[in-house]
Amino acid sequence: MKIKKSFVFVVLVLFLITLVVPSRICQFFAYTAIFIFLASFIYAFDLSKKITVERPFKELKTACNEKIEISFNIKNNSRFTAHLLYYRDTVPYFYIFGNKHENVITLHKKENKKVTYTIKADTRGEFIISPVVIETSDPLNLFSFKKEYPVEMKLIVRPARIKLITTTDPGIPQGEIKIQNICYEDTTLRKSIREYKNGDEQKRINWRMSAKYSKLFTNQYENSYDAPFFVFLNLAEDDYDLKNRTYYTEKAIEIAASIVEKSKLYRQNVGFAAYAQGFPYLKPAKNQVNKILDMLAVIKPEPGKLTYNPFIKYTDELPAGTLIFSIDEKVVREYFVKVEADKENINSKNIGAMKK
């Protein structure tokens, strides 16, 4: 806690005068100054102990170039009011809209103030937002204090979302993807009942309904299939041109993230492998989208060169009907060609990321 040295000096001088000059006027001023000094100290000390800071979330996730709101709460549990309170949240190198992460406010006794500001990150990765710095004083500004509150919040910035269509080819019957193809009929999911037509198979007849209305009726079923996703990402440094290596590897990561997110839209199992630091590998399974996207937020290229064909390597290891997507420099270059040509139909097939 900081103390105004000039005021302390005045108090000491007045106190010494009362010892030398036994005048009631001098004693009155000296004792008044001492009272103000002690009252201000108690005021500032109580504020320093009773002001708290909390965050509603310990972790947030966003994507590059997308806005996200950050918030924290400042609560004054003291019996006194913080008339001028300065706060500042320690944020990494993000763009902060309006610089609202720092401000000067008045915080009344027992008041809870929610601070909200918006940021935008242009770099993927894992970042820590902390600490929150608070600075205030007593009304006379004789005692001031500055305090850091280590309320950490993890911010995971995933790869930027890009314009890329990911289509699926029919795979395993009786799945989550609806299709107008009777070859993928799911007899466990009855869609409707219609009148019997010549040529309908006998096993499709709904005998209960037919007996009730003395007329033949035929069951109709949902047509659906499953097509698990498997994404392979090649981040071997030697497979990328040195001049554009950083830019191209980042775009490869964005393409991989886009395909992984599409698997969630289609409600498909998804797996992931990469030639990258750590060589991650996950077999296709449910509820892995967020885990893979978090990996792509921090994944880094690996020195070396890819020496195998991922389509050949993983085909025998994966379940039947799995769609394999492989992203490398060639796919990135093809993606840029399609973007420069201003084509609307930029998909995983025509950029070479997926093969049947």
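Everything numeric in this text was worked out from a predicted model, so none of it was measured.

A.B. asks: In this structure, what is going on with the overall build of the protein? I would like to understand it.
C.D. replies: When its secondary structure is counted, the protein shows seven helices and 20 strands. For the protein, the residues scored as buried account for 43% of the 356 residues in total. When contacts within the protein are restricted to residue pairs at least 6 apart in sequence, those whose partners lie at least 24 apart make up 71%. For the protein, the computed accessible surface area is about 20,500 Å², with 54% contributed by carbon and sulfur atoms.

A.B. asks: Sorry if this is basic, but what is going on with a nonpolar patch on the surface here?
C.D. replies: Where nonpolar side chains cluster on the molecular surface, the patch consists of Ile-25, Phe-28 and Phe-29 and spans about 360 Å² of accessible area. Note that Phe-28 resides in helix H2 (residues 24-50).

A.B. asks: Help me understand the pattern of salt bridges, please; the structure alone is not making it clear to me.
C.D. replies: Oppositely charged side chains can pair when the atoms bearing their charge come close. Enumeration according to the criterion identifies 14 salt bridges in this entry. Here Asp-294 and Lys-61 are joined by a salt bridge, their closest N and O atoms 2.8 Å apart. Of the two residues, Asp-294 is situated in helix H5 (residues 289-298) and Lys-61 in strand E3 (residues 59-63); the sequence distance between them amounts to 233 residues. Taking relative accessible area as the criterion, Lys-61 reaches 35% and is therefore assigned partly exposed. Ionic pairing is found between Lys-154 and Glu-126, a salt bridge with its closest N-O pair at 3.9 Å. Of the two residues, Lys-154 sits in strand E12 (residues 153-158) while Glu-126 sits in strand E9 (residues 125-129), which places them 28 residues apart along the sequence. One salt-bridge network, in which partners are shared between bridges, spans Glu-59, Lys-61, Arg-158 and Asp-294.

A.B. asks: How do you make sense of the packing of aromatic side chains when you look at a structure like this?
C.D. replies: Two aromatic rings are characterised by how far apart their centres lie and by the angle between their planes. Under the criterion given, the structure shown has 20 aromatic pairs. Between Phe-94 and Phe-127, the ring centres sit 5.0 Å apart and the planes meet at 85°, which makes this aromatic pair edge-to-face. Pair noted here: Phe-94 is in the loop between strand E5 (82-89) and strand E6 (95-96) and Phe-127 is in strand E9, with a separation of 33 residues, a long-range link. Its relative accessible area of 13% is what places Phe-94 among the buried residues. Feature note: the residues Phe-230, Phe-232, Tyr-281, Tyr-308 and Tyr-314 constitute an aromatic cluster, connected by ring pairs. Looking at Lys-67, its charged tip hangs above the ring of Phe-97, at a distance of 4.7 Å from the centre. The ring of Tyr-308 is capped by Lys-313, whose NZ or CZ atom sits 5.1 Å from the centre of that ring.

A.B. asks: I tried to follow the side chain of Asn-234 on my own but got confused; where do I start?
C.D. replies: With respect to the helices, strands and loops of the structure, Asn-234 is situated in strand E16 (residues 229-234). Among the polar contacts listed, one links the side chain of Asn-234 to the backbone nitrogen of Ala-236, at a separation of 3.0 Å. Setting aside anything within four residues of it in sequence, one finds Asn-234 in contact with Asp-239, Tyr-240, Tyr-275, Leu-306, Ile-327 and Asp-328.

A.B. asks: What is the right way to read the sheet that holds strand E4 (residues 67-76) from this model?
C.D. replies: Pairing between sheet strands relies on hydrogen bonds along the backbone, with the strands arranged either parallel or antiparallel. Spatially, E2-E4-E8-E6 is the arrangement adopted by the four strands of the open sheet, whose pairing is antiparallel. Of all strands in the sheet, those bounded by a partner on one side alone are strand E2 (51-54) and E6. Taken together, the two bridges between E6 and strand E8 (residues 112-120) define a ladder with antiparallel strand orientation. By the bridge assignment for E8, Tyr-95 is matched with Lys-120.

A.B. asks: I tried to follow a positive patch on the surface on my own but got confused; where do I start?
C.D. replies: A cluster of basic residues, Lys-75, Arg-79, Lys-109 and Lys-110, forms a positive patch at the surface. Relative to the helices and strands, Arg-79 is located in the loop between E4 and E5.

A.B. asks: Even after reading the chapter, I still don't get helix H7 (residues 329-340), so can you show me in this structure?
C.D. replies: Helical periodicity: at 3.6 residues per turn, an α-helix aligns residues three or four positions apart in one direction. Taking 1.5 Å per residue as the helical rise, H7 with its twelve residues ought to reach 16 Å, and the 17 Å between its terminal C-alpha atoms agrees with that figure. Listed in full, the buried residues belonging to H7 are Glu-329, Val-331, Val-332, Tyr-335, Phe-336 and Lys-338. Of the surrounding secondary structure, the elements contacted by the buried residues of H7 are helix H4 (245-265) and strand E19 (323-327). Regarding H7, its N-cap is Asp-328, as a side-chain oxygen of that residue lies 3.2 Å from the backbone nitrogen of Lys-330 further along. Directly after H7, the chain includes Asp-342, whose backbone phi takes a positive value near 60°.

The rules behind each value
Every residue gets a number counted from 1 within its own chain, in the order that chain's sequence is written. The model is predicted, so local features are restricted to residues of pLDDT at least 70 and side-chain atom pairs to those at 80 or more, both for listing and for counting; the totals for chains, interfaces and linings are taken over all residues. For the side-chain quantities, the full set of heavy atoms in the structure was used; hydrogens and water were omitted. Helix and strand assignments come from DSSP, with helices taken as H or I runs of at least 4 residues and strands as E runs of at least 2, each series counted from the N terminus. The buried label goes to any residue with under 20% of its type's maximum accessible area, the exposed label to any with over 50%, and the partly exposed label to all in between, with areas taken from a 1.4 Å probe on protein chains only. Pairs of residues are marked as contacts when any of their non-hydrogen atoms sit within 4.5 Å. Methods summary: accessible areas were calculated by the Shrake-Rupley approach with a probe of 1.4 Å, and residue burial reflects only the protein chains presented. Here, patches come from residues exposed beyond 30% relative accessible area and free of salt bridges, joined within 9 Å for like charges and within 5 Å for nonpolar side chains (Val, Leu, Ile, Met, Phe, Trp, Tyr). Each salt bridge in this description consists of a side-chain nitrogen of Lys or Arg and a carboxyl oxygen of Asp or Glu lying within 4 Å of one another. Centres within 6.5 Å are what make two rings of Phe, Tyr or Trp a pair, Trp counting through its six-membered ring; a difference in plane orientation under 30 degrees is then read as stacked, over 60 as edge-to-face, and the rest as tilted. By definition here, charges over rings are those cases where NZ of Lys or CZ of Arg is within 6 Å of the ring centre and within 35 degrees of the ring normal. By the criterion applied in these results, polar contacts are pairs of N or O atoms within 3.5 Å in which, for protein atoms, one can donate a hydrogen and the other can accept it, and in which residues neighboring in sequence qualify only through two side-chain atoms. For two strands to be treated as a pair, DSSP must find no fewer than two bridges joining them. For the purpose of charge, His is not counted, nor are the chain termini; Lys and Arg are scored as positive and Asp and Glu as negative. Taken as the charge centre is NZ of Lys, CZ of Arg, CG of Asp or CD of Glu, depending on the residue. To estimate how far a helix should extend, the number of its residues minus one is multiplied by 1.5 Å.

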